[in-house]
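What follows is the residue order along each chain.
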There are 2 protein chains.
Amino acid sequence: MTHKIAVVGTAFEAHHREKITGTAGAFGCAVDFYPSHMDAASHLQDTTIVFGPSDAHSPKSVAAAPKLQWFASFYAGVDPLLAPGVLPENVLLTNGSGAYGVTIAEHLVMATLMLLRRNPEYHQLVDQKGWRNDLKIRSIYGSTFVICGTGDIGSKYAQRLRPFCPAKVIGVNRTGRSAEGFDEIVTIENLDSVLPQADMLVLTLPGTPLTNNLITRERLALMQENAFLINIGRGNCLDQEALVEALNTGKLAGAALDVFRQEPIPQEDPIWEAKNLIITPHCSGQMTLAYTRDTLVDMFCENLTRFFTDQPLLHAIDRALAY
Amino acid sequence: MTHKIAVVGTAFEAHHREKITGTAGAFGCAVDFYPSHMDAASHLQDTTIVFGPSDAHSPKSVAAAPKLQWFASFYAGVDPLLAPGVLPENVLLTNGSGAYGVTIAEHLVMATLMLLRRNPEYHQLVDQKGWRNDLKIRSIYGSTFVICGTGDIGSKYAQRLRPFCPAKVIGVNRTGRSAEGFDEIVTIENLDSVLPQADMLVLTLPGTPLTNNLITRERLALMQENAFLINIGRGNCLDQEALVEALNTGKLAGAALDVFRQEPIPQEDPIWEAKNLIITPHCSGQMTLAYTRDTLVDMFCENLTRFFTDQPLLHAIDRALAY
């Protein structure tokens, strides 16, 4: 059979569209481009493949495409597609894992150094045209990192910490399998034994049932008084209220959050005013970096070829694990 | 002869003082500690060695110590001591070069990523409780860096960029000698040939006659429209007025300055309001990091032993080069 492909979103440039069209064309398939799931919805009657975002609007594409065989998400997180009743069991699902490590690892190194070097305080000082330079700071050098999630993002971050070392970089994952850049890996069951060592706890986890409420108030209490926390994965894994309390009482030295329980953050949320908290508006990943967009298109075209030649798809989601 | 040593400053902790006292004591020498050059001034009649800051007050120590043989600056920059008439030719001068690379390289990586990832704009957005995450950003990955100064600081920065690569890292120094972390080194005479390649121009230069006014308005004009500039060396090397103009007109995409023509920056200086400029109050180095203080004391004690056993001192300043 011939396939009909819908590419949804505005991030891709002309050369990306040409590459996708060319790859599909070689297998005799047509490609339609739509700016959003809403725009696409009324044109998906015969569509078999969707390449698009997996955000809250993606169920629309699924519902509007009765012949859908494969949903290729260009985001890494696919939680909205895995909500009950959205994606039929027989539809293949792949994600954009592998395209975001470069940009998110750079965000992580930036946030790490901003926290260690007391950037929030220096920023406030400079905003008021003040001048002092004697705040005691800390360093990656000699620090211990506990990184939850050792996939593309966690591993690229760990690798980028290397030349700043000596530092101890501990990875935490589900199975204890090794990953590049880490000195030591422990399984998630042993998280509590490494939390007290962390100068910096870094969460790079997908939003899954297993990661839900992982960092509770009790786990935050296991951390050192002067430790830091960074979250770039999903807001679901962290007790946000307990974190704000730990920051405001000085129990933690600082935090940098790019993801939240509710996004956008409600105007009245007390998190806006939390002490030594660096807030970024879920911008650590996104498709704002050319490398990310190029990689996503390369990955999709590679998978298109695999799909048409009956090879297993890369970056396929295991529905039982939800990532 | 026995020597009398004065250690000036408040940054050192008890274990540092013990190490210095112990090292000097092994050679039969006494050590006095003073919080500032002002406090020390009336006690330096017999002092032969001063270990202290080389800031604007340091000429006081020199003037008050007629028997001075060696001034060990714990700062890397020694420009105030090299002003005409301050330090007699026969007094040895060493600096703290080697102790600041770790901390300043971390500042540099932080500033680099903050610029590439449009942190000033995101910060302003979050200050107003705003939410958007679609600003196009850039990456170390694939960028070209031109780093003026390939000493401890420039080299440690270049090394820390490595795992973010591919990136092209070009060093600029006086002699063309090689240094760790660089893909290519050019001499300062060839600066104009590499400036147009730079996505990021980074200045890690000492304040010397050779570096004075190095980055002129004309040289800024050689840079790409969307390039960035970082300066952590000395304010003397940059036409600050031309930089502010380039930022405000969008000729440059952004800058991060830690050093300025005049410090503290005057309240009325237009630089406070320059577009996409990250200002830090000369805090990239300082002795705020434990590693820096430990290293400075280790280096001084090593040099004390060398001094007492007639070996050449490490980190000696070449007065002709002023660094």
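Now for a quick tour of the structure. This structure is a prediction, so every number in the text was calculated from the model and none was measured. (Residues numbered from 1 in each chain as written. Chains lettered and ligands numbered in written order. Predicted model: local features only at pLDDT ≥ 70, side-chain atom pairs only at ≥ 80, totals over all residues. Heavy atoms only, no water.)

This brings us to helix H6 (residues 152-161) of chain B. Along H6(B), eight of the ten residues are buried, which leaves the element largely enclosed by surrounding structure. Those residues of H6(B) lying buried are B:Ile153, B:Gly154, B:Ser155, B:Lys156, B:Tyr157, B:Ala158, B:Arg160 and B:Leu161. (Buried < 20%, exposed > 50% of the residue type's maximum accessible area, 1.4 Å probe, protein only. Helix = DSSP H or I, 4+ residues; strand = E, 2+ residues; numbered from the N terminus.)

Glancing now at the relation of the copies chain A and chain B. Between the two copies, chain A and chain B, the superposition gives an RMSD of 0.0 Å; the rotation angle is 180 degrees and the shift along the axis is 0.0 Å. The relationship between the two copies is best expressed as a two-fold rotation axis. Within chain A, the C-alpha atom positioned nearest to the axis of rotation is that of A:Met110, 2.6 Å from it. (Least-squares fit on C-alpha atoms with pLDDT ≥ 70 in both.)

Across the contact, 50 residues belong to chain A and 50 residues belong to chain B. On the chain A side of the interface with chain B, the three residues burying the most area are A:Arg117, A:Lys129 and A:Trp131, jointly 17% of the side's total. Across the chain A-chain B interface, the total number found is two salt bridges. The salt bridge partner of A:Glu273 is B:Lys129, with a shortest N-O separation of 3.6 Å. Taken together, the links from chain A to chain B amount to 17 residue pairs in polar contact (both at pLDDT 80 or more). The element best represented in the side of chain A that touches chain B is helix H4 (residues 101-116) of chain A, accounting for eight residues. (Contact = heavy atoms within 4.5 Å. Buried area = accessible area lost by both parts, 1.4 Å probe. Salt bridge = Lys/Arg side-chain N within 4 Å of Asp/Glu carboxyl O. Polar contact = N/O pair within 3.5 Å; in protein donor to acceptor, adjacent residues only side chain to side chain.)

Let us look at the sheet that holds strand S4 (residues 70-73) of chain B. All names here are of chain B. Taken together, five strands build an open sheet; the order of strands is S2-S1-S3-S4-S5 and the sheet is parallel. With one partner strand each, in any of the chains shown, strand S2 (30-34) and strand S5 (92-94) form the two edges of the open sheet. Taking the axes of each pair of neighbouring strands and ignoring which way they run, one obtains an average angle of 15 degrees across the sheet. Across the sheet, helix H1 (residues 14-25) touches strand S1 (4-8), S2 and strand S3 (49-52), and the angle it forms with S2 is around 150 degrees. Of the strands in this sheet, S1, S3, S4 and S5 are in contact with helix H10 (residues 290-308), which crosses S3 at around 170 degrees. (Pairing = 2+ DSSP bridges. Axes fitted to C-alpha atoms, helices over the stretch in contact; angles between N-to-C directions.)

All right, on to the pattern of salt bridges then. Under the criterion given, the structure shown has 30 salt bridges over all chains. For A:Arg138, the salt bridge goes to A:Asp199, with nearest N and O atoms at 3.5 Å. Placement of the pair is A:Arg138 in the loop between helix H5 (119-127) and strand S6 (144-148) and A:Asp199 in the loop between helix H7 (191-194) and strand S9 (200-203), with a sequence separation of 61 residues. Among the residues examined, A:Arg138 registers a relative accessible area of 23% and is labelled partly exposed. For B:Arg118, the salt bridge goes to B:Glu121, with nearest N and O atoms at 2.9 Å.

A separate point is the pairing of S6(A). Residues and elements named next belong to chain A. In terms of burial, S6 is largely enclosed, as five of its five residues are buried. What you see with S6 is no split at all: Thr144, Val146 and Cys148 on one side and Phe145 and Ile147 on the other are buried throughout. Two elements, S6 and strand S7 (residues 168-173), share five bridges in a ladder whose sense is parallel. Along S7, the bridge assignment pairs Val146 with Ile170. Regarding topology, helix H6 (residues 152-161) serves as the crossover connection from S6 to the parallel S7, and that connection is right-handed. (Right-handed = clockwise from strand over helix to strand, strands pointing away.)

The subject of this paragraph is the packing of aromatic side chains. Given two aromatic rings, one states the distance between the centres and the angle between the planes to describe the pair. Residues and elements named next belong to chain A. Applying the stated criterion across every chain, the model contains 24 aromatic pairs over all chains. Between Phe51 and Phe74, the ring centres sit 5.2 Å apart and the planes meet at 90 degrees, which makes this aromatic pair edge-to-face. With Phe51 in strand S3 (residues 49-52) and Phe74 in the loop between strand S4 (70-73) and strand S5 (92-94), this pair connects stretches of sequence that are 23 residues apart. By the burial criterion, Phe51 is buried, and Phe74 matches it. Summarising the aromatic geometry, the rings of Phe145 and Tyr157 are spaced 6.4 Å apart at their centres and angled 80 degrees between planes, so their arrangement reads as edge-to-face. Residue Phe145 is located in strand S6, and its partner Tyr157 is located in helix H6; the two are separated by twelve residues in the primary sequence. Each member of the pair, Phe145 together with Tyr157, is buried. An aromatic cluster of at least three residues, connected via ring pairs, comprises Phe12, Phe27, Phe51, Trp70, Phe74, Tyr75, Phe300, Phe307 and Phe308. (Phe/Tyr/Trp six-rings, centres within 6.5 Å; stacked < 30°, edge-to-face > 60°.)

Residues and elements named next belong to chain A. Read across the open sheet, the five strands follow the order S2-S1-S3-S4-S5; overall the sheet is parallel. Every other strand in the sheet has two partners, leaving strand S2 (30-34) and S5 as the edge strands with one partner each. Put simply, the sheet's adjacent strands are angled 15 degrees from each other on average, direction ignored. Bridge analysis of strand S1 (residues 4-8) against S3 gives three bridges, and the strand direction is parallel. Pairing of Val7 across the sheet is with Phe51, part of S3. Here helix H1 (residues 14-25) sits on the sheet in contact with S1, S2 and S3, set at roughly 150 degrees to S2.

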